[in-house]
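Coordinate inspection notes
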Amino acid sequence: REARHKICGEFLSIEAQGALARVGIDPAALGGAPIDVVRLVHGNAVAESPLPFRAFGLTRRTLDEALLAAGRAHGVDVVRGACVRRLDPADDGF
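Predicted, not measured: the structure shown is a model, and the values here were computed from it.

1. Structural notes on the pairing of strand 3 (residues 45-57)
- As defined by bridge partners, strand 1 (residues 11-12) adjoins strand 3 across two bridges and the pair is classed as antiparallel. Bridge pairing in strand 3 places Leu-12 opposite Phe-56.
- Where strand 2 (residues 33-42) folds back onto strand 3 in an antiparallel hairpin, the turn is made up of two residues, including Gly-43, whose phi is positive at roughly 60 degrees.

2. A closer look at a nonpolar patch on the surface
- Taken together, the side chains of Val-84, Leu-87 and Phe-94 define a hydrophobic patch exposed on the protein surface, amounting to about 400 Å² of accessible area.
- When you line up the elements, Phe-94 lands in the segment after helix 2 (60-73).

3. Section: the sheet that holds strand 2
- Sheet architecture is open: three strands sit in the order 1-3-2, paired in antiparallel fashion. Of all the strands in the sheet, the pair left with one neighbour each is strand 1 and strand 2.

4. Some remarks on the nonpolar core
- The biggest cluster of nonpolar side chains holds eight residues, and these are Leu-12, Leu-20, Ile-25, Phe-56, Leu-58, Leu-63, Ala-66 and Ala-70.
- The element that contributes the greatest number of residues to this core is helix 2, accounting for three residues.

5. Considering helix 2
- Here helix 2 contains 14 residues, and its C-alpha end-to-end distance of 19 Å stays within 8% of the 20 Å for a straight helix at 1.5 Å per residue.
- Within helix 2, burial applies to Arg-60, Leu-63, Asp-64, Ala-66, Ala-70 and Gly-71. Buried residues along helix 2 cover an arc of 160 degrees about the axis, so they all sit on one side.
- Residues of helix 2 that are buried sit in contact with strand 1 and helix 1 (14-22).
- A positive phi of about 95 degrees marks Gly-75, the residue just after helix 2.

6. Quick word on the side chain of Gln-17
- Within the fold, Gln-17 resides in helix 1.
- The class of Gln-17 is buried, set by a relative accessible area of 14%.
- In this structure, Gln-17 is in contact with Leu-12, Pro-27, Arg-54, Ala-55 and Phe-56, ignoring residues within four places of it in sequence.

7. Things to note about the pairing of strand 2
- Note that strand 2 and strand 3 share nine bridges and pair antiparallel. When the sheet's bridge partners are listed, Ala-33 is paired in strand 3 with Gly-57.

8. Things to note about the pattern of salt bridges
- Counted according to the given criterion, the structure contains five salt bridges.
- One salt bridge connects Arg-54 with Asp-36, and the closest N-O pair in it is separated by 2.9 Å. Remark: Asp-36 occurs in strand 2 and Arg-54 occurs in strand 3; sequence separation between them is 18 residues.
- We note a salt bridge from Asp-64 to Arg-60, for which the minimum N-O separation is 3.0 Å. Of this pair, Asp-64 and Arg-60 both sit in helix 2, four residues apart, roughly one helical turn.

The rules behind each value
- Residues numbered from 1 in each chain as written.
- Predicted model: local features only at pLDDT ≥ 70, side-chain atom pairs only at ≥ 80, totals over all residues.
- Heavy atoms only, no water.
- Pairing = 2+ DSSP bridges.
- Helix = DSSP H or I, 4+ residues; strand = E, 2+ residues; numbered from the N terminus.
- Patch = residues over 30% accessible without salt bridge, like charges linked within 9 Å, V, L, I, M, F, W, Y side chains within 5 Å.
- Areas by Shrake-Rupley, 256 points an atom, 1.4 Å probe, with all protein chains shown as cover.
- Salt bridge = Lys/Arg side-chain N within 4 Å of Asp/Glu carboxyl O.
- Core = buried A, V, L, I, M, F, W, Y, C linked by side-chain atoms within 4.5 Å.
- Buried < 20%, exposed > 50% of the residue type's maximum accessible area, 1.4 Å probe, protein only.
- Expected span 1.5 Å × (residues − 1).
- Arc of directions from axis to C-beta.
- Contact = heavy atoms within 4.5 Å.

Structure (structure tokens):
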């Protein structure tokens, strides 16, 4: 029914950023926090390494709303509170 906070998908890799860019979504413009390093901690031991790309952290609520807005901008009829049970192919889509 509405975008809500959930813990999943908040790390946007370079591949995810590319997919989002194709539909006009810029994580930085949405307030995404830049992530440049990966850090592993176990007890007092810490290992840290730079990422080979800049990732972003973005809440699922913000990302989901941006995806819905992008869908609407591309002609999608967004229906909240409904469940898709099946997609049937047609000549012009589904």
